[in-house]
Amino acid sequence: MVDTPPPTRRLQAFSAVVAVLLGILLVRLWQVQVLQGAAYFRQSEDNRIREYTLAAPRGIIYDRRGRPLVANRPAFTVAVLPLELRDPPTVVSRLAALLGMPAAQIEARLRAARARPFEPVRIARDVDPTVVARIEENRLDLPGVIILADPVRHYLHGTRAAHLLGYVGEIDSDELAARRAEGYRPGDLIGKAGVEKAYESLLRGVDGRLRMEVDALGRPLRVLSRQPPSPGRAVVLTVDLDIQAAAEEALRATGLEAGAVVVLDPDTGEVLALASMPTFDPNLFARGISPERWLALTSDRRRPLLNRAISATYEPGSVFKLVTATAALERGIVSRRTVFDAPGYFRLGQWTFGDLRAWGRIDFITGIAHSVNVVFYTLGYRLGGETLAEYAFRLGLGEPTGIDLPGEVAGTIPSPATKQALVGEPWYPGDAVNMSIGQGAVTVTPVQVARMVAGLATGGRVMQPHVLLAVHHDRGLERVAPVLQRQVSLRPATLAVLREGMRAVVERGSGVAARLNRVAVAGKTGSAENPRGRPHAWFAGYAPAEAPQVVVVAFVEHGFRGGIAAAPVARAVLEAALARPEASP
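Below, the structure is looked at part by part. (Residues numbered from 1 in each chain as written. Predicted model: local features only at pLDDT ≥ 70, side-chain atom pairs only at ≥ 80, totals over all residues. Heavy atoms only, no water.)

1. Details of the overall build of the chain
Then, number 1: Of regular secondary structure, the chain possesses 21 helices and 23 strands.
Then, number 2: For the chain, the C-alpha radius of gyration of 34 Å lies well beyond 25 Å, the compact-globule estimate for 585 residues.
Then, number 3: On the principal axes, the C-alpha backbone points of the chain span a range of 150 × 50 × 40 Å.
Then, number 4: Taking all 585 residues of the chain together, the buried fraction comes to 51%. (Helix = DSSP H or I, 4+ residues; strand = E, 2+ residues; numbered from the N terminus. Rg over C-alpha atoms; globule rule 2.2 N^0.38 Å. Buried < 20%, exposed > 50% of the residue type's maximum accessible area, 1.4 Å probe, protein only.)

Written as structure tokens, this is what we have:
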């Protein structure tokens, strides 16, 4: 017979087990509610509520007549919320296939933003709507992937004025380290070149914030709060779109690969046009340039990203004769009546310096008009290298002009005291002779030559070239004041001879291709020998000759002769510039 415990003892054992289980449950509940309650509450809120940055539109850029050059347009951006990524390798692989970009590129962006897991990491900007639709269709397989609406920079005229306007791109590590205190974060856009970089602080706006409640799939349910972004300041540039177009079309019409044009208002230093060829489309950068396109641009032997107007130096050739003539006139070793014997060569000891042809006996004005080398060899030898360098610097060569664009370079003006340090060679007896016609170690930029000619056109007033004309503020339009950099003291007699000679260049000399029908033009041509190929072609001048309003410098790389390749470019630009209506912002 089995000894069965009485029912009361079994009930007590069962009750004890239940009590222990309840105790465990209560302890766990206490842990969850009391010890870990705050953490679970935050996690719940994070899953339910999302905060987005609303990118601020950059300021619009206008030309001097109020025509927009750069604006913004709405576009889709694909981003990833790192905190919501589930099975990252799989999601990244699927997203890469949809976007048509390498998975490694997405992974690199996520790694760069690892310190900010709550912030959306922008993966692709300006995404095609069909791609956005495919992402939405696959949302269940793409946890953590979101679509944002961001403004994208829009360069309305494509390649027009690309080097002047510049472009934007994502901030890099160096820029971020330097500007983090200004509120920049990884993934932000920043001006990388041109006006976009020079006036980043004006053009950049203040981002807004959006707080939203979403469902389990991340779909928005309602807006909890919204702080709208504040757009950047609109700016007005000194450039005239019509003159800019004329400069670029004239350069292109030469049929050569590279060149530059600078157009100034000599009285104010305002840059009316600044062109560099070859060029590029800044819109490529606005949407995030692909590695393949970046490689194609940076490996192009023609260097399309180089701003040849301010960031490249060239031998000036005969446009430097304006320096030699100025120095010789100021030192009193020549006048308009001085007669030279120009047999087609100049001898200095055992060296012979050649000329294009034998000119016979000519006066100084004819020497300027036809750019006769022997005339300037003679003057350069008498002046010497120190005096030539002194006047070159006085007129603004060999130093940055201070134009309000990034990347300007200085060039080189050697002298007996500095040549060794500048170019690693001693000064030779023939250096002053070579320098007198802009050869040897002399190098300048097109914008320097433009500033020099503007100074001669205004009687010695050297104005700082600038591209910013005005800024839109809440209180209205604030105009930028011109800056007088220096007043070069030149005798009236010197200026009179220079102007007569420059006018003769266009009327009957080497620059007749720049002549206009109804307006007198003054100028100087240049054909600069260089070790890289055919001579460079220059034309530097102004119009009207009797009351200068516009200064033009046209430079054609390997254009051979200034009068053949550069002077027609200048004529086309002058026709457009002198036909423009007066306009103010």
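Once you've had a look at it, read on.
2. Comments concerning the packing of aromatic side chains
Then, number 1: Throughout the structure, instances matching the rule amount to 12 aromatic pairs.
Then, number 2: Centroid distance Phe346 to Phe353: 6.4 Å. Interplanar angle 55°. Geometry classified as tilted.
Then, number 3: By relative accessible area, Phe346 is classed as buried at 13%.
Then, number 4: A ring pair is formed by Phe364 and Phe376, whose centres lie 6.2 Å apart and whose planes are at 50°; its orientation type is tilted. (Phe/Tyr/Trp six-rings, centres within 6.5 Å; stacked < 30°, edge-to-face > 60°.)

3. Some points on the pattern of salt bridges
Then, number 1: Taken as a whole and assessed by the stated rule, the structure comprises 38 salt bridges.
Then, number 2: Linking Arg125 and Glu170 is a salt bridge whose minimum nitrogen-to-oxygen distance equals 3.4 Å. Taken together, the residues Arg125 in strand S4 (residues 121–127) and Glu170 in strand S6 (residues 168–170) connect sequence positions 45 residues apart.
Then, number 3: A cluster of three or more residues bridged by salt bridges with shared partners is formed by Asp63, Arg65, Arg67, Asp240 and Asp242. (Salt bridge = Lys/Arg side-chain N within 4 Å of Asp/Glu carboxyl O.)

4. Here we look at the side chain of Lys419
Then, number 1: Its location among the elements puts Lys419 in helix H17 (residues 419–423).
Then, number 2: Note on Lys419: relative accessible area 4%, which makes it buried.
Then, number 3: Among residues more than four places away in sequence, those in contact with Lys419 are Pro414, Gly424, Glu425, Pro426, Trp427, Tyr428 and Asp431. (Contact = heavy atoms within 4.5 Å.)

5. Brief notes about the pairing of strand S23 (residues 550–556)
Then, number 1: Counted residue by residue, S23 has seven buried out of seven residues, so it is predominantly covered.
Then, number 2: Side chains Val550, Val552, Ala554 and Val556 of S23 all project onto a buried face; the interleaved residues Val551, Val553 and Phe555 project onto the opposite face, where all are buried too.
Then, number 3: The pairing of strand S11 (residues 259–264) with S23 spans six bridges and is classified as antiparallel. Across the sheet, residue Val261 finds its bridge partner in S23, namely Ala554.
Then, number 4: Both strand S22 (residues 533–543) and S23 contribute to a ladder of seven bridges, which runs antiparallel. (Pairing = 2+ DSSP bridges.)

Geometric descriptors of this kind do not, in isolation, establish any biological role.
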